[in-house]
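Given next are the chains, with one letter for each unit.
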Amino acid sequence: MLWKVLLLLGLSSAWAQKLCSPGASDGYKVRLSINSALGDQAYVWNENEMFLFRATLAFAMRTYSDGQEYDVANVVVCDETPRVSFWFVVTSPLDASLLVDKRRVEEAVRKSRSRINSAFLLTDDTLEFIGIPPTLEAPVAPDTPPWLIAFGVVMGGVGAGIVVLLVSSVVQKIRKKRDGEEETGGKTENEAASDAIYNMSFSDDEPVTQM
Amino acid sequence: MKTIKLQLPNPGLEGRILSHQELDKLEEEEAGDRPKWDNKTQYMLTCVGFCVGLGNVWRFPYLCQSHGGGAFMIPFLILLVLEGIPLLHLEFAIGQRLRRGGLGVWAQIHPYLTGIGIASMCVSLTISLYYNTIIAWILWYLFNSFQEPLPWSQCPMNANLTGFVSECERSSPVDYFWYRETLNTTPTIEEDGGLQWWMVLCHICAWSLLYICIIRGIETTGKAVYVTSTLPYVVLTIFLIRGLTLKGSLDGVKFLFTPDLTELAKPSTWLDAGAQVFYSFSLAFGGLISFSSYNSVHNNCEQDAVIISIINGVTSVYAATVIYTIIGFRATERFDNCLSGNILTLLNVFELPEGDITDSNYNQVVQRLNETYPEVFQQLDLTTCNLNTFLSEGVEGTGLAFIVFTEAITKMPVSPVWAVLFFIMLFCLGLSSMFGNIEGILVPLQDLKVFPKTWPKEAVTGVTCIVCCLVGLIFLQGSGNYWLSLFDTYGGSIPLLVVAFCEMVSVVYIYGIDRFNDDIKFMIGHKPNFFWQATWRVISPLIMFFILIFYFVTKLSEQLLYKVWDPESDKFPTLDEKQYPVWINVIIFILAGIPSLAVPLVCVWKCLKKKKRDRSHRSSNFD
């Protein structure tokens, strides 16, 4: 009896190994770059970590696929390298010889990508599923572009400044004219004197006027 | 000892200019309606601001690095002393003596020389038009710096959110932001692409900011320069401190200053040094003459000229150092990325554990793998990473500011702060130069009596700004960048050299070097020494003449090509070279030829006018 069980186990694992092979049509290659992601705090990749991976993937298949009860045994891994890369396939819980379709696996991985990443403290770049590109986040577009706000502030300030300066010079001119009219009464002599000086500067202009 | 008097006859000179006694009297009574500086600091800051401009930051470092690094200092310093300082002193002295702007001084020396003033006014106008567009670009980047992450740090997504915009992916986010989101550039100069509304807004903002600073002439400009002339130095120092703490900055500085003395044998090095000194001093614009004329008569213009020249030279070197700390950082960053990219590829292909290949054993590993698996290795096609290649990606002009430097900023922590600082610095540098450019337009316009005398100063500056703003809309089209480089290459180069040469000749030989020496003795108390005599009479005009001839010959002989950003071209993302259409020659003639020809043409016209007047005068005498 025992040898039958052993034979069955051996056969099933051999069968499973045949299902999973590098370049399998329903499988995906996974590559982890733990050292570049975590540096000093990198953990060592061992059997336990691999178990976590298989469990996480089974969780993804359970939640985001057809709802069947996938187990760790349904995730078959092969061709592990020192790089820390390997191939995996997912077998159906109902029939261990049937592989789950590639697209269903991809869909499940895509939807739970962030959970898988956080289980390993990695990111989309450092935990790669070759063939499943990471979904890009939709950019947050603010209602008003920020540059328009900055522009509005600056233009508002400059506009106000120009208006203030123009108004102040107009006011100054009106005031000067009013003062000048008040003084025309008694100060004709001083005006004549200042005219004499101004005449000199007018004679300066003549050579220029001849242009 | 009989001195050789080389001077053209100039009758009537005494009648046109104020004598020394009249000048003293004017000074005492403080009469006359000429504006004055509030204090010496304002004058010095305005001149420093005019001289120190964008060229110190983005032209000098490039020239320095491409002409042999530290060795370039030698021709630069020699020509600074022999060409820059004498011309500067000459402009200051003549402005202070004759108390007129860039057109009035030449008209006073001799009415036939009015053409020089008109030429310098035309050049100031040409340059003001496009220079403010550069300031508009700087403002656009400044407004966009108030966000995290910076918009040029990542590519935008394409329409169906499946990936990035293809034009951006093939080039880089900074290139895309500059060529597409800022300029929205067209592939040729003939396609105008329409006005880009965001640039029109920034353009109006730039002209408004300029207007508020020059609204009452030097009364307002003098206050504005306290900020615009000093802030760049503060920012440069901040960047220097920040830059020195970044990895790879010292590599950049070393690369900049490593001397290569063989470059000194090439004439192009000396030519570029001479041109850089000349353009960097903003000579022949008329603005410096005008600023100097607002000084008191006994101001020490000799000392001012030397101080400003030294400040200008030192600023160029200082800015180059700062720029190259940041460029060194960027190059090191690129080199590290290149190396880690290669290492990752090797690890992935050969399934080696991480940590097997590091920066230190990279070369040995590569050699070993190449020997053991040659075919696989050839297929990999690894890019060679060379730090010097990255360092010598020498960029100048807008490419340095808006592509290389902005990329470096995105890699620094707290990027928006550095971006805001950098663009405020560029804005101040550009604005303070614009003050001088505008002065070179406004004062000749007033001398030519284009505006009625009853108009207040605010209206005159307002109308000038509005007209320039409207004409400047050419540079805001899709093809605007090509127009701008056209204006820069032809409008801002040859006419200035012609005007400067004519200035020297006029002052020395038509005004008379002896009279000029006496004037300076009257103004500052001692006669200019042998150095000034030698440079004014012989050395500086000769240098100007050589540079002019070389420039003329090179510009005429080279093919009229321009670089375009064409996503459809094969060379993309490198800029493609296209030939200008034939009608561009007309534009080039208008830009470069008309101001240069204005000098002789106006002389001839005035001569003919005088002869006609003399003839009618004589005939009326006989009546």
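Residues numbered from 1 in each chain as written. Chains lettered and ligands numbered in written order. Predicted model: local features only at pLDDT ≥ 70, side-chain atom pairs only at ≥ 80, totals over all residues. Heavy atoms only, no water.

**Observations concerning the overall build of chain B**
Selection rule: Numbered from the N terminus, helices here are DSSP runs of H or I no shorter than four residues, and strands are runs of E no shorter than two. Only C-alpha atoms enter the radius of gyration, while the globule expectation follows 2.2 Å times N to the 0.38, with N the number of residues. Relative accessible area decides the class of each residue, using a 1.4 Å probe on protein chains only: under 20% of the type maximum gives buried, over 50% gives exposed, and in between gives partly exposed. Whether two residues are in contact is decided by their heavy atoms, any of which lying within 4.5 Å being enough. All accessible-area figures derive from a Shrake-Rupley calculation using a 1.4 Å probe, and residue coverage is judged against the displayed protein chains alone. Charged residues are defined here as Lys and Arg on the positive side and Asp and Glu on the negative side; His and the ends of the chain fall outside this count. The atoms used to mark charge sites are NZ of Lys, CZ of Arg, CG of Asp and CD of Glu.
A count of helices and strands for chain B gives 27 helices and 2 strands. In terms of C-alpha radius of gyration, chain B reaches 27 Å, essentially the compact-globule figure of 25 Å for 623 residues. Structurally, chain B occupies a C-alpha span of about 105 × 55 × 45 Å along its principal axes. Taken across its 623 residues, chain B has 57% of its residues classed as buried. Long-range contacts, defined here as pairs at least 24 residues apart, represent 82% of the contacts in chain B between residues at least 6 apart. By element, 63% of the accessible surface of chain B is carried by carbon and sulfur atoms, the whole surface being about 25,900 Å². Computed over 42 positive and 54 negative side-chain charges, the separation of the two mean positions in chain B equals 15 Å.

**Points about the packing of helix H22 (residues 415-447) of chain B against helix H23 (residues 457-471) of chain B**
All names here are of chain B. Put simply, the rule is: Orientation is described by lines fitted to C-alpha atoms, with helices fitted over the stretch in contact, and by angles between N-to-C directions that extend from 0 to 180 degrees. An angle counts as roughly parallel when it lies under 35 degrees, as roughly antiparallel when it exceeds 145, as roughly perpendicular when it falls between 65 and 115, and as oblique in every other case. Two helices cross in a left-handed way if the nearer one is turned anticlockwise from the farther one by less than a right angle. They cross in a right-handed way if the turn is clockwise. The nonpolar class holds Ala, Val, Leu, Ile, Met, Phe, Trp, Tyr, Cys and Pro. Asp, Glu, Lys and Arg form the charged class, and all remaining residues, Gly among them, are polar.
Contact geometry of H22 with H23 gives a least axis separation of 11 Å together with a crossing angle of 120 degrees. Classified by the interaxial angle, the pair formed by H22 and H23 is oblique. Classified by chirality, the crossing of H23 by H22 is right-handed. Contacts between H22 and H23 involve Ile-441, Leu-442, Leu-445 and Gln-446 on the former and, on the latter, Lys-457, Val-460, Thr-461 and Thr-464. Of the residues that constitute the contact of H22 with H23, the class distribution is 4 nonpolar, 3 polar and 1 charged.

**Some remarks on the interface of chain A and chain B**
For clarity, the threshold we go by: For any pair of parts, buried area is found by adding up, for both, the accessible area (1.4 Å probe) each one loses once the two are put together. Every case where a carboxyl oxygen of Asp or Glu lies within 4 Å of a side-chain nitrogen of Lys or Arg is listed as a salt bridge.
Taken together, the contacts link 39 residues of chain A with 45 residues of chain B. Buried surface at the junction of chain A and chain B, summed over both partners, amounts to about 3,700 Å²; 68% is from carbon and sulfur atoms. Linking chain A with chain B are 1 salt bridge. Residue Lys-29 of chain A is joined to Glu-351 of chain B by a salt bridge in which the shortest nitrogen-to-oxygen separation is 2.7 Å.

**What about the UniProt feature "binding site: Na(+) 2" (unreviewed entry) in chain B?**
Residue and element names in this part refer to chain B. Test applied: UniProt positions are given in the numbering used here, feature names are shortened, and annotations may be inferred rather than shown by experiment.
Within this numbering scheme, the UniProt entry marks Gly-49 as carrying the feature "binding site: Na(+) 2" (unreviewed entry). Inspection of the secondary structure assignment puts Gly-49 in helix H3 (residues 40-51). Discounting chain neighbours no more than four positions away, the residues touching Gly-49 are Ser-229, Leu-429, Ser-432 and Ser-433.

**Focus on a nonpolar patch on the surface**
Residue and element names in this part refer to chain B. Spelled out, the test is: The residues that make up patches have over 30% relative accessible area and no salt bridge, and they are joined within 9 Å when like-charged or within 5 Å when they are Val, Leu, Ile, Met, Phe, Trp or Tyr.
Side chains of Val-586, Phe-589, Ile-590, Ile-594, Leu-597 and Leu-601 sit close together on the surface and give an oily, nonpolar patch of about 560 Å² of accessible area. By secondary structure assignment, the location of Leu-601 is in helix H27 (residues 584-622). A relative accessible area of 54% places Leu-601 in the exposed class.

**Regarding the confidence of the model for chain A**
Residues and elements named next belong to chain A. The condition that has to hold: The score called pLDDT rates the predictor's confidence residue by residue, from a low of 0 to a high of 100.
With 80% of its residues at a pLDDT of 70 or more, chain A has an overall mean of 80. Within chain A, helix H7 (residues 188-209) has the poorest average pLDDT of any element, 46, and helix H6 (residues 146-183) the best, 91. Overall, residues 191-211 carries pLDDT values under 50, and its contacts beyond four positions in sequence, including any with other chains, amount to 20 contacts.

**Looking at the state of the cysteines**
Residue and element names in this part refer to chain B. Which entries qualify depends on this criterion: Disulfides are defined as pairs of cysteine sulfur atoms found within 2.5 Å of each other.
Summed over all chains, the structure comprises 2 disulfides over all chains. Each sulfur in the disulfide pair Cys-155 and Cys-168 lies 1.8 Å from the other. Measuring handedness by torsion sign, the sulfur bridge of Cys-155 and Cys-168 sits at about -85 degrees and is left-handed. Highlighted residues: Cys-155 in the loop between helix H8 (114-143) and helix H9 (166-170) and Cys-168 in helix H9, separated in sequence by 13 residues. Each member of the pair, Cys-155 as well as Cys-168, is classed as buried. Each sulfur in the disulfide pair Cys-338 and Cys-385 lies 1.8 Å from the other.

**Looking at the nonpolar core**
Stated formally: The term nonpolar core refers to a set of buried residues drawn from Ala, Val, Leu, Ile, Met, Phe, Trp, Tyr and Cys, joined through side-chain atoms within 4.5 Å.
Phe-423, Leu-426 and Phe-516 of chain B are the most contacted members of the largest nonpolar core, which totals 189 residues. Contact partners of Phe-516 of chain B, with chain neighbours within four places excluded, come to Leu-90, Ala-93, Ile-94, Val-507, Tyr-511 and Trp-536 of chain B. Counting residues in each nonpolar core, the second largest holds 29 residues, with Val-30, Tyr-70, Val-84 and Ala-108 of chain A among its members.

**Some thoughts on the UniProt feature "binding site: Na(+) 1" (unreviewed entry) in chain B**
Residue and element names in this part refer to chain B. Feature annotation in UniProt places "binding site: Na(+) 1" (unreviewed entry) on Val-52, Asn-56, Ser-280, Asn-312, Leu-429 and Ser-433, given in this structure's numbering. These annotated residues cover 382 residues of sequence, but their C-alpha atoms sit close together, with the largest distance between any two at 12.8 Å. Turning to its location among the elements, Asn-56 is positioned in helix H4 (residues 54-58). The class of Asn-56 is buried, set by a relative accessible area of 2%.

**Here's the deal with the confidence of the model for chain B**
All names here are of chain B. On average, residues of chain B carry a pLDDT of 89, and 98% of them reach 70 or more. When mean pLDDT is compared element by element in chain B, helix H11 (residues 197-214) scores highest at 95, while helix H1 (residues 13-16) scores lowest at 79. For this predicted complex, the interface confidence score (ipTM) comes to 0.84, while the overall pTM stands at 0.87.

**A word on the pairing of strand E1 (residues 561-564) of chain B**
Residues and elements named next belong to chain B. Note the following rule: Note: two strands are recorded as paired if DSSP finds a minimum of 2 bridges between them.
Residues Tyr-562 and Val-564 point to one face of E1 and are all buried, whereas Leu-561 and Lys-563, pointing to the other face, are not buried. As paired strands, E1 and strand E2 (residues 576-579) are joined by 4 bridges and run antiparallel to one another. Bridge pairing in E2 places Leu-561 opposite Gln-579.

**Focus: a negative patch on the surface**
A contiguous patch of negative charge on the surface is contributed by Asp-179, Glu-181, Glu-182 and Glu-183 of chain A. Looking at the secondary structure, you find Asp-179 of chain A in helix H6.

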